[in-house]
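Report on the structure
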Amino acid sequence: MTGTLPAPLAEIVDDFKAVDGQDKITLLLEFSTELPPLPAGLEQAAMEPVPECQSPLFLSVDDDDRSAVRLFFSAPPEAPTTRGFASILAQGLDGLPAEEILAVPDDFYTELGLADAVSPLRLRGMSAMLGRVKRRLRG
């Protein structure tokens, strides 16, 4: 893995590394309940869809202030894996400078150790979320 993880994201990765097996899924489900709600005035219809995700996922990147990029995600409650991944990115990257987000390795999610518990298709969805955030930041 090349690049560096910002401290908030590194802490989340460490949390996942500290648990095994089914506890990783439990932790992912906990993250799914912590996905921040959309701010007033931001409608899902105005957000970018991420069709690579198995469940409907929409994201918005506000990089008006590149020293504190805001990330917003929307996923239905009945899609806990997708919501969990979105919540990891929201909690790990929201509010950080664009340069720090762009430095996150595209495959950082492999460090979560979920490959045995979550389908490769779902993991690619998380990769797609990060990829779209980075694409928006690169303009």
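Residues numbered from 1 in each chain as written. Predicted model: local features only at pLDDT ≥ 70, side-chain atom pairs only at ≥ 80, totals over all residues. Heavy atoms only, no water.

Attention now moves to the UniProt feature "domain: Fe-S metabolism associated" (unreviewed entry) in the chain. According to UniProt, the feature "domain: Fe-S metabolism associated" (unreviewed entry) maps to residues 14-135 in the numbering used here. Taken end to end, residues 14-135 is 42% helix and 10% strand, and its first and last C-alpha atoms sit 26 Å apart. (UniProt positions renumbered as here; feature names shortened; annotations may be inferred. Helix = DSSP H or I, 4+ residues; strand = E, 2+ residues; numbered from the N terminus.)

The terminal C-alpha atoms of helix α3 (residues 80-93), which comprises 14 residues, lie 19 Å apart, in line with the 20 Å expected from a rise of 1.5 Å per residue. Within the sequence span of α3, burial applies to T81, T82, R83, G84, F85, A86, S87, I88, L89, A90, G92 and L93. Against α1 (7-17), α2 (22-33), β3 (70-74), α4 (98-102) and α5 (120-138) lie the buried residues of α3. One or two residues past the end of α3 sits G95, with phi positive at roughly 90 degrees. (Expected span 1.5 Å × (residues − 1). Buried < 20%, exposed > 50% of the residue type's maximum accessible area, 1.4 Å probe, protein only. Contact = heavy atoms within 4.5 Å.)

Oppositely charged side chains may form a pair once their charged atoms are brought near each other. The full count for this structure, using the stated rule, is six salt bridges. Put simply, E111 and K17 hold a salt bridge, and the shortest N to O gap is 3.0 Å. Here the residue E111 occupies a position in the loop between α4 and α5, and K17 occupies one in helix α1, the gap between them amounting to 94 residues. Taking the relative accessible area as the measure of exposure, E111 reaches 26% and is therefore partly exposed. Put simply, E48 and R132 hold a salt bridge, and the shortest N to O gap is 2.7 Å. Taken together, the positions of E48 in strand β1 (residues 48-49) and R132 in helix α5 put the pair 84 residues apart, joining distant regions of the chain. A cluster of three or more residues bridged by salt bridges with shared partners is formed by E48, E52 and R132. (Salt bridge = Lys/Arg side-chain N within 4 Å of Asp/Glu carboxyl O.)

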